[in-house]
Amino acid sequence: MPIATIEWKNNCIRIIDQTKLPLKLKHLDCCNIKTIWKAIKELKVRGAPAIGIAGALGVILGIKDFPGQDIEGFKKKLDQTVKYLASSRPTAVNLFWALERMKKRAYSNLNLSLPKIKKLLLDESLKILEEDKSICRKMADYGAKLIQDGDTCLTVCNAGALATADYGTALGVFYRAKEEGKAFKVYACETRPLLQGARLTSWELKEHNIDVTLIADNTAGYLMKEGKIDKVFAGADRVAANGDTANKIGTFNLALLSHYHQIPFYIVAPSSTFDLKLKSGKGIPIEHRKPQEVICLQSKKVAHFQVKVYNPAFDVTLHKFIRAFVTEKGLIKPPFAKNIPNAIE
Ligand code: MRU
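The paragraphs below set out a description of the structure included in this document.

How each quantity is defined
- Residues numbered from 1 in each chain as written.
- Predicted model: local features only at pLDDT ≥ 70, side-chain atom pairs only at ≥ 80, totals over all residues.
- Heavy atoms only, no water.
- Phe/Tyr/Trp six-rings, centres within 6.5 Å; stacked < 30°, edge-to-face > 60°.
- Buried < 20%, exposed > 50% of the residue type's maximum accessible area, 1.4 Å probe, protein only.
- Helix = DSSP H or I, 4+ residues; strand = E, 2+ residues; numbered from the N terminus.
- Lys NZ or Arg CZ within 6 Å of the ring centre and 35° of its normal.
- Pairing = 2+ DSSP bridges.
- Right-handed = clockwise from strand over helix to strand, strands pointing away.

1. Things to note about the packing of aromatic side chains
Phase 1 of the analysis: Enumeration according to the criterion identifies nine aromatic pairs in this entry.
Phase 2 of the analysis: Their ring planes at 70 degrees and their centres at 5.8 Å tell us that Phe66 and Phe74 sit as a pair that is edge-to-face. Each member of the pair, Phe66 as well as Phe74, carries the same accessibility label: buried.
Phase 3 of the analysis: Between Phe274 and Phe325 the ring centres are 5.5 Å apart and the planes differ by 65 degrees, which places this aromatic pair in the edge-to-face class. Taken together, the positions of Phe274 in strand β11 (residues 274-275) and Phe325 in strand β15 (residues 324-327) put the pair 51 residues apart, joining distant regions of the chain.
Phase 4 of the analysis: Look at Phe274 and you get buried, because its relative accessible area is 8%.
Phase 5 of the analysis: Residue classification places Phe325 among the buried positions, given a relative accessible area of 0%.
Phase 6 of the analysis: Each member of the aromatic cluster is reached from another via a ring pair, and the members are Phe174, Phe184, Phe233 and Tyr266.
Phase 7 of the analysis: In this structure, Lys248 is placed above the aromatic ring of Phe314, and the distance from its NZ or CZ to the ring centre is 4.3 Å.

Spelled out as structure tokens, the structure:
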């Protein structure tokens, strides 16, 4: 996959600045922790698995210049670093999963010298990045089996190479189906307010020669009623133990519409997106973002600048509207409350 969303290069995190796409393919080198925090916050790097990787590599930026051999001081620095990175965005659990994994790696090796601990942490963060690439491909293998010749699929937001180390979750399913020679079409919802579908998904799918058609978000119901959608594939930011799933705002609408029209609705997500500590979606923290994102369209005001705005970035799709989860461990089907913990733990 030619798109490397995030890399470790010359002691910095190199990301594609996704806010500039599709007009410019511009890389940004984040060489200190504040820059990567801001890049996550401002969606320069985004999508649950990519945020997790950015968090893990961000830990390296936070601790790499810690001097000397003071283990207690290092532990304090590591905890501060993890806490700071965790404050960037609240919903995608992959961030917290990756930060916890980094912390555990350090805490279980405190008997070693600091240079050795730092080396272990760098290796761990790069392992998280590499693992994501193979996990995406495993999900794609399972997911592509759900696509038949002649299908028309719908997707929302960007759950592609840009949202992961490469290849993607929901879009990875399309890439694999294409590699297998299947003929299918994809409709991409534009995904207001930040247009991840229009800016990122339509760009990614076009770059990979997938037959993609962009629609305004409110066109989905009409398309389904006309019988033009066979399957919906979406990614996820956090899945509770019962299958309730947080994903980009508007995903719940699509799931409800799919349910009404009896269209299979699939969530494609790695096990690092499952939060088994949460029994249901009620406990999932939902990020609320700046009013400007709704008032403006690509920095141009489209509404009264003093109008009240409500801007949750995610919603929660109830598990009963999800046909199955596509994970790197295979498909998870209902009853989710039983099958998710069995498959993920
Ligand atoms: O606000 P974003 O762009 O980070 O939201 C991303 C999504 O909602 C994606 O669909 C989700 O992270 C799945 S990514 C493989």
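2. What about the pairing of strand β4 (residues 152-155)?
Phase 1 of the analysis: On β4, burial covers both faces: Thr152 and Leu154 on one face and Cys153 and Thr155 on the other are all buried.
Phase 2 of the analysis: As judged from the four bridges shared by β4 and strand β5 (residues 185-189), these two strands associate in the parallel manner. For Leu154, the partnering residue across the bridge sits in β5 and is Tyr187.
Phase 3 of the analysis: Once you follow β4 into helix α6 (residues 170-179) and on to β5, the crossover reads as right-handed.
Phase 4 of the analysis: Looking at chain direction, β4 and strand β7 (residues 231-234) are connected through two bridges and run parallel. Looking at the pairing, Leu154 lines up with Val232 of β7.

3. Topic: the side chain of Arg101
Phase 1 of the analysis: Considering the arrangement of structural elements, one finds Arg101 in helix α4 (residues 93-107).
Phase 2 of the analysis: Arg101 sits in the buried class, given a relative accessible area of 17%.

Interpretation in functional terms is not warranted from these geometric data alone.
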